[in-house]
Amino acid sequence: MRYLPHTADEIAAMLEVIGKNSLDELFSTVPEDCRYQGNLNLPEPISEWELNELMSGLSATMGVSPEYKVFIGAGSYEHFIPESVSFLLTRSEFVTSYTPYQPELSQGTLQAMYEYQTLTARLLGMEVANASLYDGASALAEALLMAIRTTRKNRVALSSLIHPLYRRVVQTYLGPTGYDLIELPRLENGTTDLSLLEDLDNLAAVAVQSPNFYGCIEDLEAVGERAHAKDALFIASFTEPLAYGLLKNPGSQGADIVCGEGQSLGIPQSFGGPGLGMFASRMKYVRGMPGRLVGQTTDLNGKRGFVLTLATREQHIRREKATSNICTNNSLCALAAAMYMASLGGRGMRELALLNHDKSEYLKEELRKAGFTISFETPTFNEFVVECPTDFHRTYEHLLAKKIVAGLSLEPYYPELAHHYLLCATETKSKEDMDALVREVIS
Amino acid sequence: MKESLGTTGLILNEPLLWEKGRRGRSGFSQPRRDVDSRPLDKGLTLDELDLPDLSEVDIVRHYTRLSQWNFGVDTGMYPLGSCTMKYNPKINEKQARVPGFAAAHPLLPPVVSQGALKLMHALERFLAEITGMDAVSLQPAAGAQGELTGMLLIHAFHKSKGMRRSKIIVPDTAHGTNPSSAALCGYSPVPVRSNEQGMLSAEAVAGVMDEDTAGIMVTNPNTLGLFEENIREIAEIVHAKGGLVYGDGANMNAVMGIADMGRAGVDVLHLNLHKTFSTPHGGGGPGSGPVCVKTKLEPYLPVPRVTEEKGRYILSEDFPESIGKVHAFYGNFGVMVKAYSYIRSMGAENLKRASQLAVLNANYMKEMLKGTFHLAYDRPCMHECVFSDKFQHPYKILTLDMAKRLMDYGFHPPTVYFPLVVDGAIMIEPTETESKEDLDLFVEACKAIANEAQQDPERLRQAPQKCKVRRLDETAAARHPCLAG
C-alpha cells in the first residue's frame with residue numbers, strides 16, 4: 001500500500017527495539033472480549049485508476065451544471081468561483097496543517113484568518129468576527145445560546161421566515177435544556193410579523209433572517225428597535241452573504257450578533273457541506289463568543305505576528321463552562337471566502353450582487369408576464385416565491401426530464417403554501433436559460 | 001547527527017490584504033450582463049462596501065507567500081498527539097472536487113442525486129463495520145458536534161423511558177470537548193480520576209455511577225495512548241444502573257480491525273473522518289464527526305436518513321423519535337467523499353495494517369525516547385505516547401522550550417500540556433505514514449535538544465530562530481485584543 005512506508009526489515013528492526021515478536025503482540029493490552037472477531041467485511045482495495053472510474057460513475061448521476069439548469073437557492077447558491085481561488089485553495093501547506101496551536105509554524109493560516117475576520121466584519125458591518133463555525137444553521141443555534149448566556153434570560157423569538165432547516169437545528173440544540181422558543185409569524189407581504197413581541201417578557205434574543213427564506217428583504221432596523229426595547233439582543237441571520245455587497249448591512253441596522261452561511265463566497269455547494277458558519281458580534285460581547293479568534297500581536301523582535309487568542313472562552317481551557325463545544329471549525333472554507341472577497345473587492349462584489357438582483361428580477365418579470373402570481377411584493381435579492389397552478393408538479397417532472405430544476409416546492413416547509421415554489425437565479429443563469437425555463441413552464 | 005532538516009528558506013514578507021490593494025484593481029472576471037438594470041430602493045442599499053481592491057496576481061502572490069509560512073503534513077512530520085496527522089492522499093482530494101459532487105445542490109430531487117446518496121449509504125455501512133456498531137449518522141460536522149449528537153441521543157433515550165438524568169461521568173483524561181458537549185444537554189460532568197497506571201478502574205466508576213447518571217464518556221484508547229482495559233466491566237456497571245456508554249472515537253486509528261467497540265460495550269461512538277480516515281485538517285477544518293450507534297439508539301439518529309429500497313436511495317424523514325437535525329443539510333459531504341475514497345483504496349487488510357503500524361511507530365518512539373524524556377506511564381501504548389519535561393527541570397527548561405526548538409530542527413512539535421493529568425505533557429502521535437528513517441531523524445533531534453537543554457539552555461529559550469516569526473506575545477494579544485484590521 002503506497003501510503004504505508006514500512007519495509008519488512010524495518011518492521012522487524014523496530015519490533016526488536018520494542019521487544020515484541022510480532023505486530024499482533026503490540027496489542028496485548030486489548031482484552032480478548034473487546035477484540036474484533038474475524039476480519040472487517042469491506043470491499044477489496046482498488047487502485048487509483050479504479051477509484052477514478054468508480055467515482056466518475058457515481059458523480060455522473062448527479063443533476064449539476066452545465067448539463068442541468070438548477071433554479072434552486074434556499075440556502076445553497078450556485079455562483080462562479082474564480083480558478084485562482086480554487087487553485088490557491090489546494091496549496092497543501094494550507095490543506096494539510098492542523099489548527100494553528102503553534103503560531104510560529106502557522107503564520108500563513110493565522111494571517112489569513114485575521115484577514116478573513118476583518119473582511120467578514122466589514123461585510124456585515126460588525127466589530128468582530130470569529131474564525132468560522134460549521135454552517136449557517138449551527139451558527140444561529142450558537143448565536144441564540146450566546147444571547148441566553150449574555151442576557152441571563154431564557155426565551156428567544158425566531159422569525160418563521162428563517163430557513164426552516166436552520167430552525168430545526170435550533171430546536172435540536174436548545175431542546176434538552178428547556179429554553180423557550182417563540183416563532184414569529186409572517187405578514188401578507190412575506191416579511192416577519194413583529195407584533196407578537198409586544199407581549200413577550202424575559203426575552204434574550206430576537207432572530208430574523210434577511211434576505212429571508214422567501215428571498216424578501218426584511219426591515220432590520222425595525223427589528224432592532226423592537227428587540228432593544230425589550231432589552232433583548234438582535235440576531236440577524238442570513239443564507240446569502242452576497243446580498244450584503246448591495247444591501248445595507250445588519251450592523252448598520254442595529255444587529256448585536258450576525259450569523260449565517262458563507263457558502264456563496266467561493267465555496268462549492270458539495271451537496272450541502274462543507275459550507276461556512278460566519279459569526280460576528282459587537283466587541284462588547286466578544287468574551288461570550290463561541291469559536292476561535294485570531295488576534296494580532298508582536299514577536300520577541302517586535303515584528304507583527306498573529307496568534308489564537310481569548311482561548312479562556314474555549315472548551316480545552318474552560319471545559320463544561322466554555323462558550324461552545326466547538327473545536328475543529330471550517331477554517332479552509334473561511335480561507336476560500338477570504339480569497340473570494342479579496343478577489344471581488346468592494347466594487348466587484350457590489351457589481352456582482354447587482355447582477356444577481358437583476359437576473360432574478362428579470363425571471364420574476366417574465367414569469368409574471370406568463371401569468372404566474374408573484375406571491376410577495378416585498379423587494380427580494382436573488383430568489384423569490386411564485387404561486388403555480390395546482391398541477392405544476394407534473395410540469396416540474398417534465399422540466400426535470402429536460403434537465404431544468406424549476407425551484408423548490410415550499411409545501412414540505414410551509415404547508416399553507418401548497419403549489420408555491422421558491423426560485424433562484426444567480427449570475428450563473430443566462431437570459432437564455434431563464435427564457436427557456438419560462439418557455440417550458442407555459443408550454 | 002545527520003544534517004538537520006531545519007534550514008532557512010527564502011521566505012518573503014507580505015503585508016495584510018488591505019495594505020496592498022489599490023483602488024481600481026480587480027481580481028474577478030465579471031459575468032456578462034444580459035439583463036437590464038432594475039435599481040433597488042435607495043433606502044435598502046449600501047453606499048460603499050469597504051473591501052480592498054486587488055488584481056489576480058496580487059491575490060495569487062499574497063496567498064502563495066502566506067502558504068509558505070505554514071507547516072503541513074506535506075512539509076514534514078507532524079506528530080501532534082490526539083490529532084492523527086497522517087498523510088492525506090491526493091487522489092481523495094480530486095474525488096471531492098469532481099463537478100458531479102462539488103456542484104451538487106443539496107435539495108436536488110433524489111432522482112438526480114442517486115450517486116451522492118449511494119456513497120453516503122455505503123460509507124455508513126463501512127463505518128458501522130469498522131466500529132462494530134449497528135447504525136450510523138454522517139450528519140455531525142466535526143468531532144465535537146458528533147459528541148453533542150451522541151449526548152443528545154443518550155438524552156432522547158432516557159427521555160423515551162420517561163427519565164430525566166442530570167449527570168454524566170467524564171474521566172480526567174477526556175478531551176475538553178467532552179464536558180462542554182455534555183453541558184449543552186444540561187448534564188453536569190462528574191469527574192473520575194484515572195489510576196496510577198493511567199487506567200480507568202471499574203471501582204472508581206462504580207463509586208460514582210447511580211440512577212441519576214445518564215452514562216459515561218470514555219475515550220478509548222485514552223488520551224494517554226493507553227487502551228482502557230476495564231472498558232467491558234465499566235460498561236456493565238453503567239448498563240446495570242440504566243446508563244449508556246459513550247465512546248470518543250477520536251483515537252480509533254489505533255484499533256481498526258483489532259478492537260470491536262460494540263463488543264466492548266460502547267452504545268454510541270463518534271469518529272473523526274479528518275483523523276482516522278485521512279481527510280486533511282485544512283488548518284482547523286472542515287472535519288466530519290459521524291456517530292455510530294447500537295440498535296437501541298438508532299430510532300433517535302438525526303434526520304434525514306439515507307434509506308434504500310430496491311436499489312433506489314431516498315432521504316427519509318420518517319423517524320418520529322429522531323432528535324432532529326444538527327446540520328442544515330446532511331453534514332460535510334465533501335469530507336465524506338474523501339473518507340469513502342480512502343476506505344475503498346485501503347480495504348480491510350490495509351486499514352488493520354495502518355493501525356498496526358501506527359501502534360508500532362508510537363511504541364518505537366516510546367522506546368527510543370524514554371531515556372531522553374520522562375515517560376509518564378511506562379506501559380505498552382497504542383497510537384501515541386506521553387512524556388513530560390521532568391528530566392529537564394534541573395536546567396529550568398520547559399516542554400514549551402523544547403517544542404519551539406523542534407521547529408528549528410524541521411519538525412512540527414507534538415501536542416504539549418495535554419492531557420492535563422501529566423504535568424508538562426509532550427504527547428507524540430507519529431501515525432502510520434511516517435517511515436522509520438523519519439522517526440529516527442525525529443528521535444535524533446529530540447536527543448540533540450535534550451543535550452542542548454543541559455549544555456546551552458538559553459538556546460532553547462530563544463527558539464525558534466528559523467521560522468517566519470520568533471516567539472509571539474500571547475499575553476498581550478489576550479489583554480488588548482486586536483481582532484480585525
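Scope of this entry: the structure provided in the associated data block.

Conventions and cut-offs
Residues numbered from 1 in each chain as written. Chains lettered and ligands numbered in written order. Predicted model: local features only at pLDDT ≥ 70, side-chain atom pairs only at ≥ 80, totals over all residues. Helix = DSSP H or I, 4+ residues; strand = E, 2+ residues; numbered from the N terminus. Buried ≥ 20, exposed ≤ 12 C-beta atoms within 10 Å, placed from the backbone. Contact = placed C-beta atoms within 7 Å. Nonpolar A, V, L, I, M, F, W, Y, C, P; charged D, E, K, R; others polar. Pairing = 2+ DSSP bridges. Axes fitted to C-alpha atoms, helices over the stretch in contact; angles between N-to-C directions. Parallel < 35°, antiparallel > 145°, perpendicular 65-115°, else oblique. Left-handed = near helix turned anticlockwise from the far one by under 90°.

## Considerations on the overall build of chain A
Looking only at helices and strands, one finds 12 helices and 15 strands in chain A. Judged by the C-alpha coordinates and their principal axes, chain A covers about 80 × 55 × 50 Å. Looking at chain A as a whole, 60% of its 443 residues are labelled buried. Contacts in chain A between residues at least 24 apart in sequence constitute 73% of all its contacts with a sequence separation of at least 6.

## Notes on the interface of chain B and chain A
In this assembly, 172 residues from chain B lie in contact with 163 residues from chain A. Of the residues belonging to the side of chain B that touches chain A, the class tally is 91 nonpolar, 51 polar and 30 charged.

## Let's talk about the sheet that holds strand β8 (residues 277-281) of chain A
Residue and element names in this part refer to chain A. With mixed pairing, seven strands are arranged side by side in an open sheet as β2-β8-β7-β6-β5-β3-β4. Each edge of the sheet is formed by a strand with only one pairing partner; in this case those strands are β2 (128-129) and β4 (180-184). Of the pairings in the sheet, the one linking strand β7 (residues 257-261) to β8 comprises five bridges and is antiparallel in character. Bridge pairing in β8 links Val-258 to Ala-280. Helix α6 (residues 136-151) contacts β3 (155-159), β5 (203-209), β6 (233-238), β7 and β8 of the sheet and is inclined by roughly 160° relative to β7.

## Digging into the environment of Glu-211 of chain B
In this structure, Glu-211 of chain B sits in the loop between α8 (202-208) and β4 (213-219). Its 9 C-beta neighbours within 10 Å are what place Glu-211 of chain B among the exposed residues.

## Quick word on the packing of helix α5 (residues 107-124) of chain A against helix α10 (residues 331-369) of chain A
Residue and element names in this part refer to chain A. It is at 9 Å that the axes of α5 and α10 come closest, and there the two elements cross at 60°. The pairing of α5 with α10 is recorded here as oblique in orientation. Crossing hand, α5 versus α10: left-handed. Across from Thr-109, Ala-112, Met-113, Glu-115, Tyr-116, Leu-119 and Leu-123 in α5, the residues of α10 making contact are Ser-331, Ala-334, Leu-335, Ala-337, Ala-338 and Met-341. Partitioning the contact of α5 with α10 into residue classes produces 10 nonpolar, two polar and one charged.

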